[in-house]
Structure formats: C-alpha cells, structure tokens
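Structural features, examined
This is what each chain is made of:
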Amino acid sequence: MKKFWALFFFFWPTVAIISCVIAPSRGWWFPSPPMSRTGVQIDGLFYLILIIVTITFVATQYVLAYALWKGATKESGSKALFSHGSHKLEIIWTIVPSFILVFISLSQLDVLAEIRVISKFPEKATKVAEVTARQFEWRIRYPKPGTELTTVENPGDLYYVNELHVPTGKPVIINLRTQDVQHAFFSPQLRVKQDAVPGLVIPIWFDVREVGNYDLVCAELCGWGHYKMKARIVAQSQSSVDKYLKQLEADQNADGTKSEAAASGDE
Amino acid sequence: MATVSPALDAHGHADDHSHGGHHEQSFISKYVFSLDHKIIGIQFLITTLIMLMVGGALALAVRWQLAFPWENMPVVGQLFGLFRTEGGQISPEFYTMLFTMHASVMIFLVIIPILAGAFGNFLIPLQIGTDDMAFPALNMMSYWFMWPAIACFACSFFVAGGTAGPGNGWTSYPLLSDLPQAAPSSGSPQTFWLIGLTLVGVSSMMGSVNYLTTIINMRAPGMTLFRMPLTIWSMFITAILQAFALPVLTAAGFMLVFDRLGTIFPTDIHSVFFIPANIIVNNAAPTVGGGQPLLWQHLFWFYSHPAVYIMLLPAMGMVSDMLACMSRKPVFGYKPMVYSMAAIAGLGFIVWGHHMFTSGMNPALGMTFMTSTMMIALPSAIKVFNWIGTIWGGDLKFNGVMLNCSGFVAMFIVGGLSGIFMAAVPVDIYFHDTYFIVAHFHYVLFGSTLFGVFAAIQFWFPKMFGREMNDTVQRWHFALSFIGFNCTFFPMHLLGIAGMPRRYADPYLHGYLEHLLPMNRFITISAILMGFAQFLLLGNFFYSMFRGKKVGRNPWNANGLEWTAPSPPGHGNFDIAPVVYRGPYEYSSPEAEAIGQDFILQTVPHVKGVAKITHH
Amino acid sequence: MSLTPSLKPLALAGFLSLATVIAGCSDSAYQSSFVYSQGTLSLMREAQDGTKETPGVKKLLDDRFGDPQHLKAWGKLPVDFGGTLTSVEEVSESEPGNKIIKLTVEEGKSLPMKAGSVKFVTGACSGESVQVSKWNAETGEATLAIAPSKEIAAGDACAVDGGTVLSSGRMLYMRHCSHCHGTSGDGNGPTARYLNPKPRDYRHGVFKFTSTNDMSKISRDDLSRIVKYGIPGTYMPSFLLMKDDEHHAIIEYVRFLTLRGEYERKLVAELSSDFSEVAYDSRLKAGEKKPEIQSELQEYLAEDLKESASTLGDELAEIWSAADTEEAAIVPSMPRVTDTPESRRRGRELYLSKTLNCADCHGIDGAGNGPQTIAFEKNPQKANELYNEPGLHDIWDNLNQPRNLQLGMYRGGRRPIDLFSRIHAGIKGSRMPSFKNTPHEDIWHIVNYVLSIPFESDPGATAIAPSAAAESVAAPALVTAPTPK
C-alpha cells in the first residue's frame, strides 16, 4: 500500500503533463494564434515561462514522488536519516531560483513598456474610435470622417454598438471609457485587455495582422449581465473601413424618404 | 532534575482533569461562552467545518450553472419558490450572488478562521507550554464576533428578496459595489456584506493581538524563539500580517459604507471616496463626486494580498510539523523555513499591485510590483525544497496525515508555479480575470491550505478529543478529494488559456468558448465527487469524536509540548508545567536513540553520554 | 380561390380552427410555466375556470397558446411558428412497415429543404408526430422512421417541422430575455424589479419605439432593430451578434407572447365589468342572487365569450398583420430639411410654441425638466387618485419622465427618421403624444433643433431670449398632462 501511494504521486503529475500536451489538439488552448504584434510577444513570453515552469514542475513533483518512493521501499525498522539541513543546498536553491526569477521579470519589461507606457506607443498609431462600455454592451463612437477623435463628442460623430471596425496592418489607438461601472476590454485573439475605469479615458493600442472578426468581451465583473457583453472587432483593409464608415454615415443620416433609400441602395 | 516526563506514560490517565485549581463549570461557561482556548479552538473548528459545507454547496451551484447553463437548478433553484415560474432556472444576478458568497464564505468564514481561529487557538498555548491565551475573554469574543458576521452574511442573502444577495464579487470593486442602483445586489445586501466583513475583521484582530501577546510573553521556560515549532512561527507571522493589514481593509470598508450611507439611513448625504463625477447608472441622476474607484483596489489588495498569506502561512507551519513527525526526521532547514516565512510576510506587503496589472494604474508601478511579486516566489520555492528535503530519507508513515501533507506540497508547487504567469505583467494581461486565475488560487487555497487542514485535523484530533480518527477513512477521503480536486481545477488552467473569463453565468454565449462546455461538465462532475467526499471527513470527525479509539498523550510519538499534556488536556492544559530543553524536531537523533526511541520530547533534558546536538 | 380537393384540409387547418401545431421538440429543458394576468385572476373563479362544457378564460387561453413545454400555434395569428403545412398526396410502402408518404404544398409555396419530423393535423393520426428518416426535397417523399399507430390517408394534412421557429425562439428567449421580461412576457422576470426603466410588459401589445404611425402596432423590423441595437440608456442591451435565424425566432416568440397577453387582456375586458370579483360583490350587494349571476355567467361563457374568443383572434391577426404593411410605416412627405442655424432656430421656436409645447415636458433648455415633470398626475387605474410621486407615467404605471435631450442619448435611435417618427407617432404607451398633424417640414426643423441641443454650449440661450421662451411655456397645472392617444 505504501508503494501505491508513492506511485500515486508519480502518476498524477504525469497525467497533468499528458493532458497539457494533448490540450492544443483538443482545442483547450489559445482561441487562435496571436493576431497582433504585442500578442505575439505576449505568447512568446508565455511559452518562455511555460518551459521554465514545466521543467520545475516535473523536477519537483518527481523528486517529491521519488522521496515518497524511497520512504515506501525502505526496510521496515530502518532508521530515518538524521539531518537538520544543509547550508550548501539552501544557498544553491536560493540563488538559482532567484536568478531565474530575475531573468523572467527582466524579460517582461520591454514588452510591458511597449504595451502600456503611452510615450512608447507607436508614433504612427492613429486614434480610430472611442469605445464606451456600459451595462451591458459596447458603444462605439468614430470621429466624423475627416476629423480627429477627441474625448468630447462632436456633431457628425458616428455611433454604433457592439462592433468595432479597425484597419489591419497598422497600429490603432482606442480611447476606452465607461459610462457606468468598471468593465474590461478583452479581445482573446488579439491578447488585449484593459480595464475601463469610471472617470478615466484610457488609450490602448494594438495592431491587427489579419483581416477577420475577433471577439470583444468584458473581463471585469460589471453586474448581472457581465457575460452578455458580446461584441466583435472587425479588422479589414483601410479602404473597407472607410467604405464602412461612409455607409454608417449614410445610415445614420437616414431620413426615411424614398430618395434616400434609393441612394443608399445603389452603393 | 530528571522528572519523569508524563509523555513517557504511553496511555493517558483519565484522572488528569483533577488538578490545576480550576473549579467546576456550568455547561454554558464550559462549552458555550468558554474562556478555554481549546474549547474556543474546537468551536471555531466545528463552525468552520459547517461553513465549509455551505461554501461547498454554493460552489456546486455555480458549477451546475456552468455545466448546464440556465437549466433548472436542482434544490437551489427550487428553494423558497424563488424561481417558480421559471421552473428553477436561476437569474444572472443570482449567479453573481452564488460565486460572491462562495468566495466570501470560504475565505472569511472558513479558511481564515479555521487556520488562525481553530488551530491557532488550540495549538498556540499547548505548543508554547502555557495554560491559556494572554487574554481569554478577548479570545472568547473573537469567536463570538464570528456569529454576528455569519448572521450578517446570512441576512445579506435575503434582504433583497432572495434572488439577489451580494453579487459584486468578494473583491467588491466600486462603482458596482458603491452605487446602490448599479446592481440588484448593490443595495442593502452589499451593506450587510460589508458589515459582516468588518465583524470578521474585528474577530481576526482580537485573535491576532492575543496570539502576538501570548507568543511573545507566555512561552514556557526554555522555549526560546528558535525552539518554537514552525506552527507557532507561522501563527506569529500571520498575526503580525493581520494586525498590520486589517486596519486598512476596515478603513476601506468604512469608506465604502460612508459612500453608501443612503442604503443605511434615508439620507442623500454621503461621501464620494470612490465615486467619480457624472456617472449614470441604471438611469439615475448623474453622480456628483471626484472620487477614484482605483483607490478601493489599492486599499483592498493592500489587505487582501497579505490575506492570501494569512490563508496559507499557518498551513505551511503545521505541515512542516506534521511532515517532520511522519517522516521521523527533523525539519530540513528550520531557520531557512522561519526566514522564508518572514520574507513572505514582508514581501507580502509590497506585491498587492499584481492584482491590478490591467486596472489602468501607472505602468511604472506595474514594473515594480512585477519584480516584487517574482521575488516572493523565492521564499515559497525555498519552503518547497525544504519540505522535500524533510521527506527525503525519512522513515515515512503513509497515513492520512502524511498523504494530505504530501498533497499539500504537491498542490502548492502547482499553485506557486502558475502564479509566475500572473506575476509577469504582459502574460497577465491575457490571463487576468480568466479561469487561469481561478485555477491558480484554488490550488493555493484549497489544494494547499485545505489539504494541510485535513492533515492537521487528523493529526491533532487525538489531542482535541482523546480519540483518534479512522485512518482508512481518512486515506479514502484523501484519495477522493485529491482526485476530485485535480480533475476539477487542473482543467481550469486550460479553460483560462482558452480565454474563458471568470464570473460568466453563460460563457457559451461567446462562440470561442462554446466548445468548452464538455470540459466544464467534466469539471462539474469532478467537483460533485470532491464535494461529496467531504462527507467522509465530517462523518469520520463526528463519529470519532464519540466512538473513535481512545489514545494516550502522544499517539504519534511527536516531540512538541502539546503531546506532554493529557489527551484531551484539562482546563489549564498541563499537569506538570513544562520546561523546554531542546528544539521541536529532534526525531531520530542520537539522543533519542540513546533512550531507545525515534523521538525526543522538547521537555526531555540532555541525555547523558550522548553528544549534545548543536546545529546552526 | 380555387383549391384542389387534396388541399382542402390544408385550408381547414390554416384558416379555420385551431391548427395545433405543437412546438415541442427538446422541451425537457427550461421547464417553466406561463402565468395568468392580474386581470384574469380578478375575475370570478367560475369565469376563470369555466365548466366542463363551457371553457373559462384560462382554458380558452391554454387551448390557443399552450404552456411553455407544449406551445401551441394558433394558425390564424400572424406569427411565423415555423414549419410547412403540407398534405399527403399518396402513401406507399417500400418494404413492409417502411412507410413513405409523398407530400405536397399549397400552390405558390415550396417544400422545405430539411424535414426532421411530420405532425399530422387532420385525419386518423391527428395529433401524432413522427420522425422522418429520409427526405427528398424535390419529390416531397418522406420516409417515416416508424409507422404511425393508425392508417394515413391521402389528403391528411400534416406539418413538416411544425413549430420549430417558435420552439427555438422559446429556448433563446429563456436564455437571453426571460430573466427580465418574464417567462410570460409580463416584464416581471426575477431581474426586472431592480431595473429602471422597467422591462417592457408585452401583454398590452404596446411597444414604445416604432416606425409605424400612431395607431399601428410595432412592425417586425422595429422589433428587430430593438433586439439588434438595444435601447441606449436602459438595460435593454444590444444583441447585434446573434445569428439572423436566432433574431427571427426571438422576434416571433416575442410576438407570440405579446399576442397571448393581448388576447388575454381582451377576453378579460369582455368579462370584467360584470363578472369580476369586485363586480360580483357589488351585484350581490345590489340585491342580485348568487344563482342568477352564476347562470348568467354560464350563458355568457357559452355564447358571447365563445364567439368573441374567435373574433378577437381575427381582430388581433388583422391589426398585427397591418403593422408590417407599407400603409403603417411613417414616410416623411419631404426629405430632411438641411440642418442650418435658421432651421434649428425655427425648430426651437416650434419647440417653445404654444401649439406644440415641447418645453412643457422637456423643459426650456431640453433638460427634461419641464413643469409637467413636477406635477402630480392622476392615476388612471384608481379613480380620482393621484400618483404618489410627481412626474409623468406610462400606461404600465411606471414613472416615465421626459427625455433629457442634452445627453444626446436617443432610446428609439439617433437617425433623423427615428426622431421624426418619435414626434410624428409619439412614443406609444407614454405621455409623448403624436404630432401627426404637424407639417412634416416643421417636424424636420424640430429634429434639427433637438439633434443640436447636446452641442449647444449654453442650451436654450442662443436662438431665443429666455424671457420670450418663458412666456410661451404654459404655466404648470396640476392635472393637465396630455392624455395618451
């Protein structure tokens, strides 16, 4: 029975590792490859940590299990090893992990700065829209075509809900704010997440590498309808975005008369 | 000099209670409003075990919704006819209540009180060799303040009509928790919740002051600081953490209450600590204010991050004790263990910002907090290595205690390693508020702390009741809990990587999460298995209390002072006032061998003819 | 209309009686129940329950609409219940026990692409539902998975995949909507009580934001817009990313619940003056005898109510069908007037004018704080009683204050045509009246003015001096709110 328990501690980390190995093929992994440049960097750092952590996990779990196995296979009545510890070992396992940890944290700094520090935002990033979270939807405001986005609303601004159109291949800036409580702008495929804090306008930037639809969900508890904040980021070429905004402008100015309907029908 | 240590008497005597000059007590003063630290500890233990089942039931309700979203919820959905026309289909705000109260109950009514309240109370005087706490009345009050807290939490379920108890998460971020109109639960339920939280805080504070005083002033002769068992060290450091961190939470709680005065009195006057101007929620008038919601997060996590260690350190200390005993070996690196606990506590105060990496605080702060958070992994790693070192080469006893302790170490490794992902800000940007976080902290709080507690319950049970628990049942309980636990929480890492956010009543609304339903069903089934396995523990606990095999003073052949007292110790603890001559972990030492055993009690003086053990 | 003989049962099913196409496939999920309205429950018990021979209100309702697990499709209602009504042309057997039926549809309609099950509406197997194992969409040959209990005859009417839209609508509704709008569409789900404004109670058949004229019901397109874009400023969120067929199913289910509620209201209205509990008590007091009233009720249920049960359905079908026609839609007679300062100025003059009197509710500067918002209104439900709180109320008895136009938040949509419709048709069920007799040009001026309010640095101060504005505003009067249309 002793051996069973020791094997038990060998067994479960093995199952854990196997389940992680098969996970990507079963869809239990990232929803898609990273679709933004910072997303690629984030994934790179993730895999770096994953490798370090996996090695540590396997080593410590198996050593633990082996220590138990040693105990389980010990002849009955034989004396336990008498030791109060070892200075040398203590020093080794203090210094080695601390180097690894410092290495991990230094490796993160550049990416962190690039993502978050406003002065390090890409120079040619354009402000495309303001996203206002509210219970329980995302309200989008584009500047009137041909004008700059400002933090206050201007006549002619274009409004939409739950669908954000951005151009691909270039960094874009979104002004994030909330109308009521705290929310978080989370796009799993783009690896973008930022809380929307009441009273603040927070700029976030990202670039989308490929044309497509990407999820936009809320990642900060915002009330009973937290899960309902389903939206999408539509990434398309600049010309398609311009065309979309033109159509949006026409729709928004619809006055219900026939001529208008005919005009927009031609497009 | 050499008095015969009572512990050498293998079978405790029934007449031990007759000494000490404590007079006869009525049932009420002996078992209810007791001043005796042991009774208070046991009161805490039983209360928290019951709360554990309450919290577990809430968790299963959460799991049901995630496995079978919006399907009629058994039992919970039918209670009180809350969802009659919906046929038991719960409402989304009810779901927010379920996970909020699961967390609140588990953290504030189970983990914190079961460690500090139950084991801290029971063990501190016994292990340092004194007759009771420094302030017995304060100690009693610390228990009885739990009940108003429990009552407040219970009220908070029902004050808003039953379908909406507190539902703003246990973190209660403003403005959701601040503006009464922001959520169904943000009115009076949130107020009751805050009051309950404050009362738990008062209880913890009374306990921690008491522990600090007792440990500093009331140690038995010869019990130097570095002869204290690691349990005592951990309780001591925990008490320091509580004493310094709690006031901040209490202050923040009061600030929030003042922001919400309108929910207590019919008044329009209130403060605006966390309320910015011009916020319109639920069609109410725009707010007037100039407050800052992030302030709450700073204050809250300034307490709650140390609180994570409050929820962990005592278990670490107890596991060190138990591993040494069950391996028949000294703790590997006693002093590094002490220093690393102190380092965890110290660093624990400067890492709170890692909960806020996506909150919009200054990114420069993010870098600082990342580095300090990485560093806190170091003492944790040292402790893990030392535990493995303790087991290494030991004469292992594979009983429930040992298995649960090994489970503790194994789970703590997982919880610690998954924490590194979150400490790294860029990676955390992706993982923040996903199920990866849920997996991580359950590995720390359940996988580590609760498995440690399962071991501790069995280990000190003989001292509490003079009987032992059935070990076979305990091993079954361990196996089922451990398998159920890992099947429940390990897949949650994968859910997190797949981007499933926390606190979603219906994640499958989102296309990229739809395929995770089968995995969530698997998790729920595992959670049910794990939940029902706890009945083994409870059954064993209460059965053994009355029917367990009677044991003597020192059934585990352990070294600590508590094992020199009768089982259970009478009021006043020790029949012979203990004097300490040595450290707590001298298992299998040459001195012990010289007297023909593999342990040597702390009260045993130097054994003639054997070289004195000097170390460090 | 000439019908071939084999299609006669179809006509029977479609136009005449209760074509009870039951929408119950995966109905074990979301077990729930419909509730009866307060109106129904205020009737005499005998009027609610009826007797064996004469159905009461509850049975009339259940027979036509069923309960959530067994929804019924009342053929005459303008709801797309889903499925195709077909008729059996011939019955054959390839092997013994392996029944193949050939189905045809009414001229002008087409056979469905998929067929999961058929349900017999007429004939010996009426009421029976059979799985289809193989379906040929071109010939209409359906191989039945199991043979029905009785003989199928040519000419039997059956529904292919009957009620699928309704039943999927119900599932979606229970997942997304019911916790606010209630299982029965009574706006009284568990979450509803905390919301401001309250979720819509469909049972009046009234929806606020429509593109139809003031006397018409809401159109499908309007419902679709609301579901897609939500209602800003309320808890009705946008469900933009729902699939088209899901949108359709939800809207049809909402229409189903609305019709159920409205039908119930109308039945109750027939009975309540004479046979409510209150009326019963006062009749007893007036000296009438219990058996007399009872037998009068029996007679009424057996004859009058039975008849109106059918005609009410026709009426509902007519007005709800009309809402989707072109006649119901509001079409401005001229395009929007160009948005110039002059136009806005004119709009503001109209806004303040005595005839339109917008400022009486919306306030001189559009802040939604006109004199009416502080007046106490009469409660139409309770004779000669005022509401407890000042301000305007809607027909659902909820406080419903006029919009603050400075916020730039437009619940019914921000397109010029949306604002035009709000003014032209009013906001149904609320105190916002219809200004359909105002020249369309004037409405456009007002629209231009209203759209400019959020951007005025000092709203109200520009175009017209405040003193002049104040003159044109009617003095607050206690109970002078315009009655809803």
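All figures in this text were calculated on a predicted structure; none of them were measured in a lab.

Reading the values: the criteria
- Residues numbered from 1 in each chain as written.
- Chains lettered and ligands numbered in written order.
- Predicted model: local features only at pLDDT ≥ 70, side-chain atom pairs only at ≥ 80, totals over all residues.
- Helix = DSSP H or I, 4+ residues; strand = E, 2+ residues; numbered from the N terminus.
- Rg over C-alpha atoms; globule rule 2.2 N^0.38 Å.
- Buried ≥ 20, exposed ≤ 12 C-beta atoms within 10 Å, placed from the backbone.
- Contact = placed C-beta atoms within 7 Å.
- Pairing = 2+ DSSP bridges.
- Axes fitted to C-alpha atoms, helices over the stretch in contact; angles between N-to-C directions.
- pLDDT = per-residue confidence, 0-100.
- Nonpolar A, V, L, I, M, F, W, Y, C, P; charged D, E, K, R; others polar.
- Domains from an automatic or database assignment.
- Core = buried A, V, L, I, M, F, W, Y, C linked by C-beta atoms within 7 Å.
- Parallel < 35°, antiparallel > 145°, perpendicular 65-115°, else oblique.
- Left-handed = near helix turned anticlockwise from the far one by under 90°.

Of the regular secondary structure elements, chain B holds 17 helices and two strands. For 616 residues, the compact-globule estimate of 2.2 N^0.38 gives 25 Å, and chain B sits close to it at 25 Å. Principal-axis analysis of the C-alpha atoms gives chain B an extent of 85 × 50 × 50 Å. Burial analysis of chain B (616 residues in total) assigns 65% to the buried set. For chain B, restricting intrachain contacts to residue pairs at least 6 apart in sequence, the fraction spanning at least 24 positions comes to 79%.

On to the sheet that holds strand 9 (residues 212-218) of chain A. As a general point, the strands of a sheet are linked pairwise by backbone hydrogen bonds and lie either parallel or antiparallel. All names here are of chain A. Read from one edge of the open sheet, five strands run 4-10-9-6-7, paired in mixed fashion. Since the sheet does not close on itself, it has two edges, and those belong to strand 4 (163-167) and strand 7 (192-196), each with one partner. Going from strand to strand, the sheet's axes swing by 25° on average, the running direction of each strand aside. Here five bridges tie strand 6 (residues 183-187) to strand 7, and the two strands are oriented antiparallel to one another. In the sheet register, Ser187 faces strand 7, and the bridge partner there is Val192. Of the strands in this sheet, strand 4 and strand 10 (231-236) touch helix 4 (residues 238-252), which is tilted by about 140° from strand 4.

For chain B, mean pLDDT is 91; residues scoring 70 or higher make up 95% of the total. Here residues 1-21 of chain B scores under 50 on pLDDT; set against residues more than four positions off or in separate chains, the count is 32 contacts.

Turning our attention to the interface of chain B and chain A. Residue-level contacts link 90 residues of chain B with 84 residues of chain A. Listing elements by their share of the side of chain B that touches chain A, those giving two or more residues are helix 3 (92-128), helix 8 (293-310), helix 10 (334-348), helix 11 (363-391), helix 12 (400-423), helix 13 (425-431) and helix 15 (471-497) of chain B. Broken down by element, the side of chain B that touches chain A gets its largest block of residues, 16 residues, from helix 11 of chain B. Here the side of chain B that touches chain A is built from residues that sort into 58 nonpolar, 24 polar and eight charged.

In this section: the domain arrangement of chain C. A common way to express how large an interface is: the accessible area buried when the components associate. Residue and element names in this part refer to chain C. One can read the domain layout of chain C as domain 1 (1-30 + 84-161), domain 2 (168-327) and domain 3 (341-472). Measuring from the centre of the C-alpha atoms in domain 2 to the corresponding centre in domain 3 gives 28 Å. On the side of domain 3, 18 residues touch domain 2, which itself brings 18 residues to the contact. Residues that form the side of domain 2 that touches domain 3 fall into these classes: six nonpolar, seven polar and five charged.

On to the sheet that holds strand 3 (residues 158-161) of chain A. All names here are of chain A. Judged by pairing direction, the sheet is mixed, and its five strands sit side by side in the order 3-2-1-5-8 without closing on themselves. Lying at the two open borders of the sheet, with one neighbouring strand each, are strand 3 and strand 8 (202-206). Strand-to-strand twist of the sheet, defined as the mean angle between neighbouring strand axes without regard to direction, takes the value 25°. Pairing analysis gives five bridges linking strand 1 (residues 126-134) to strand 2 (residues 137-142), with the strands arranged antiparallel. Residue pairing in the sheet places Val131 in a bridge with Ile140 of strand 2.

The next subject is the domain arrangement of chain B. Residues and elements named next belong to chain B. What the domain assignment reports for chain B is domain 1 (39-311), domain 2 (318-538) and domain 3 (552-616). With centres defined by C-alpha atoms, the gap from domain 2 to domain 3 works out at 32 Å. Broken down by secondary-structure element, the contributors of at least two residues to the side of domain 2 that touches domain 3 are helix 9 (313-327), helix 10 and helix 14 (435-465). Take the side of domain 2 that touches domain 3: its biggest share by element is five residues, from helix 14.

Okay, the interface of chain B and chain C next. Tallying the contact residues gives 15 residues for chain B and 20 residues for chain C. Taken together, the residues of the side of chain B that touches chain C break down into four nonpolar, eight polar and three charged.

Here we take up the nonpolar core. Core analysis: the largest hydrophobic core is formed by 277 residues, its most contacted members being Met311, Met322, Cys405, Ala424 and Ala455 of chain B. Among the elements that make up this core, the one with the highest residue count is helix 3 of chain B (24 residues). Apart from residues no more than four positions distant in its own chain, Met311 of chain B is found in contact with Ile107, Ile111, Ile112, Leu115, Leu445 and Thr449 of chain B. Listed in part, the 61 residues of the second largest apolar core include Val79, Cys177, Leu267 and Leu316 of chain C.

Attention now moves to unusual backbone geometry. Each neighbour pair has its own omega, and for Ser567 of chain B with Pro568 of chain B the value is -10°, a cis peptide bond. Position of Pro568 of chain B relative to the elements: it lies in the loop between strand 2 (549-550) and helix 17 (590-594). Backbone torsion omega between Asn196 of chain C and Pro197 of chain C reads -5°, so that peptide bond is classified as cis. Secondary-structure assignment places Pro197 of chain C in the loop between helix 6 (178-181) and helix 7 (220-229). Of note, the phi angle at Ser588 of chain B is positive, near 55°, even though the residue is not glycine.

This part is about the environment of Thr488 of chain B. All names here are of chain B. Locating Thr488 in the fold gives a position in helix 15. Under the C-beta neighbour-count criterion, Thr488 is labelled buried, with 24 such atoms within 10 Å. A C-alpha to C-alpha distance of 39 Å links Thr488 and Ser588, two positions 100 residues apart in sequence. The residues touching Thr488, leaving out its near neighbours within four places in the chain, are Ile523, Ser526, Ala527 and Met530.

A few words now on the packing of helix 14 of chain B against helix 15 of chain B. Residues and elements named next belong to chain B. Relative orientation of the contacting elements helix 14 and helix 15 amounts to 170°, with a least axis distance of 8 Å. Classed by the angle they form, the pair helix 14 and helix 15 counts as roughly antiparallel. For the element pair helix 14 and helix 15, the recorded crossing hand is left-handed. Contacts from Tyr435, Phe436, Ile437, Val438, Ala439, His442, Tyr443, Phe446, Gly447, Phe454 and Gln458 in helix 14 reach Gln474, Phe478, Phe485, Phe489, Met492, His493, Leu495, Gly496 and Ile497 in helix 15. Among the residues forming the contact of helix 14 with helix 15, the class breakdown is 14 nonpolar, six polar and no charged.

All names here are of chain A. Mapping Asp180 onto the fold places it in the loop between strand 5 (172-178) and strand 6. Since 25 C-beta atoms lie within 10 Å of it, Asp180 is described here as buried. Between the C-alpha atom of Asp180 and that of Gly199, which follows or precedes it by 19 residues, the distance is 9.1 Å.

Turning next to the environment of Gly313 of chain C. Residue and element names in this part refer to chain C. Locating Gly313 in the fold gives a position in helix 10 (residues 290-322). In this structure, the C-alpha to C-alpha distance between Gly313 and Leu297, residues 16 residues apart in sequence, is 22 Å. Other than its neighbours up to four places away in sequence, Gly313 contacts Trp74, Lys76, Leu77 and Tyr263.

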